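# Residue-level structure breakdown
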Amino acid sequence: MSKPIPTERSESVFSDFKHEYAPHQAAVEANRCLYCSDAPCTKACPTHIDVPEFIRKIATENVKGSARTIFDANILGMSCARVCPVEVLCVGDCVYNAMGVPPIQIGKLQRYATDQAYEKGWRFFEAGKPTGKSVGLIGAGPASLAAAHELRRMGHACTIYEKREVIGGLNTTGVAPYKMRADRSVDEAEWVLAIGGIDVKTGVEIGKSHAFEELEKKHDAVFVGVGLGPDTRLGVPGEELPGIHGAVELIERMKLGKLPLQGVKHALVIGGGNTAIDGVRELMVLGVPNVTLVYRGQEPKMPGYRHEWSAAREAGVSALFQAVPVAFEGSGKVERARCVRMDENKKPIAGSEFNVAAELVLMAIGQSTLGEQLASLGHRDQKGSGRHRRTRCHRAQGLVRRRRLSQRWQRSRERRGRRQGRGAGHSLALGRQKCLI
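Structural notes, computed from the coordinates.

Reading the values: rules and limits
- Residues numbered from 1 in each chain as written.
- Predicted model: local features only at pLDDT ≥ 70, side-chain atom pairs only at ≥ 80, totals over all residues.
- Heavy atoms only, no water.
- Helix = DSSP H or I, 4+ residues; strand = E, 2+ residues; numbered from the N terminus.
- Buried < 20%, exposed > 50% of the residue type's maximum accessible area, 1.4 Å probe, protein only.
- Contact = heavy atoms within 4.5 Å.
- Areas by Shrake-Rupley, 256 points an atom, 1.4 Å probe, with all protein chains shown as cover.
- Pairing = 2+ DSSP bridges.
- Axes fitted to C-alpha atoms, helices over the stretch in contact; angles between N-to-C directions.
- Parallel < 35°, antiparallel > 145°, perpendicular 65-115°, else oblique.
- Left-handed = near helix turned anticlockwise from the far one by under 90°.
- Nonpolar A, V, L, I, M, F, W, Y, C, P; charged D, E, K, R; others polar.

Another aspect to go through is the overall build of the protein chain. Along the protein chain, the regular secondary structure elements total 16 helices and 12 strands. With 437 residues in all, the protein chain has 52% of them scored as buried. Long-range pairs, those at least 24 residues apart, make up 71% of the contacts in the protein chain between residues at least 6 apart in sequence. Total accessible area on the protein chain stands at roughly 20500 Å², and carbon and sulfur atoms take up 51% of it.

In structure tokens:
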């Protein structure tokens, strides 16, 4: 089982970037919703939560029903309320944007409802009748937790294998702490596991401590939910110097323990994506006086979210655009980066080299892919994609997919019922038998 998260962690100094709603604030915001029949917010949601439905329930003081609507579509609705880039998803598609009116704060309303569920101990689902089948799930991150919960509702036994000693995956080790801290992620994982019948084995690395074939023999299906792998490196001279880290690796150390930053006056974060932006914002809060993002392209073409970068700028982060390190130098540890200017096509400009002071460098230029990780398990298909050559490891995903299709079909029936004037009572009558409310 998962070990407790250490109480002394660097991330403890962070506070929420987006504050929670009080009940009266949630009620006012919920009553602004127009409850659009075509619901572009729901279409923009990757899990297709019925957004107008859960907001209407908040507006009518049925917060428990609101939470049920959210969790029925997405059992990880609590963490998604905190970490989803709503500005480019549901909130970004709110019809109020086209009217020049502030959009509905869907993420904050979702957080209000799901936090109430956690605080008051509401439970909505129970395990299905045992089928005698079992599924092994590799990784204890969001994908495996959600899949295991769905599989338990169908009655399949589940065992999750996690290489770390803590559960929650990227939610625990990688999400920026001003969005969600590690202990909150573990709380969510335990809330999901409370459905019962999900065995979690930590400290088990498939492909090393246990062979993939052992899982195939032990279970009827295997679900691979391992996420991405180690940070990518530039491959330039001096990259092995102390003080140079992968961004994801260093963020994990910050979230699970104390990060020594004494003597660090200048930090560079290499990259222009969301991990890089998280890195610069986190280093600023941790007290590094000078934090600079180094990106080889132009600012308007950064792949990171615009609103996240704006927040980093407001926090005092500097930036070097159209530049990239070609070497790192120092005596026993990194002291500076030797950089070169890039042209509009991201090609080096001859004779443009310059030095930048740096006692700490974070590489945020990507991570190894799922295909590479699957290949490390000893399996690769004929096309080299890393997909397992047999179908059994996909069977669990198929079971979940069918469940999702069933959910969408039911929500469609509910919406048709409302449009035909049969009201909420009819919708509730369609509830699944295994739901507790």
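Text resumes after the structure shown.
If you trace the four strands from one edge of the open sheet to the other, you get β3-β2-β1-β4, paired in parallel fashion. Either end of the sheet is taken by a strand with one partner, and the two such strands are β3 (198-202) and β4 (221-224). Ignoring strand direction, the axes of neighbouring strands in this sheet form an average angle of 20°. Two elements, strand β2 (residues 157-162) and β3, share five bridges in a ladder whose sense is parallel. Across the sheet, Ile 160 pairs through a bridge with Val 200, a residue of β3. With respect to the sheet, helix α7 (residues 142-153) is in contact with β1 (134-138), β2, β3 and β4, its orientation differing from that of β2 by roughly 170°.

Where helix α12 (residues 274-285) contacts helix α13 (residues 306-314), the axes come no closer than 10 Å and their chain directions differ by 25°. For the element pair α12 / α13, the angle class is roughly parallel. For the element pair α12 and α13, the recorded crossing hand is left-handed. Note on element contacts: α13 touches α12 through Glu 308, Trp 309, Ala 311 and Ala 312, opposite Ile 277, Val 280 and Arg 281.

Here helix α4 (residues 63-73) crosses helix α6 (residues 106-120) at 105°, and the two axes come no closer than 9 Å. Considered as vectors, α4 and α6 are oriented roughly perpendicular to each other. Contact residues: α4 offers Val 63, Ser 66, Ala 67, Ile 70 and Phe 71, while α6 offers Gln 110, Tyr 112, Ala 113, Thr 114, Gln 116, Ala 117 and Tyr 118. Residue classes in the contact of α4 with α6 are distributed as eight nonpolar, four polar and no charged.

Read these as geometric descriptors, not functional statements.
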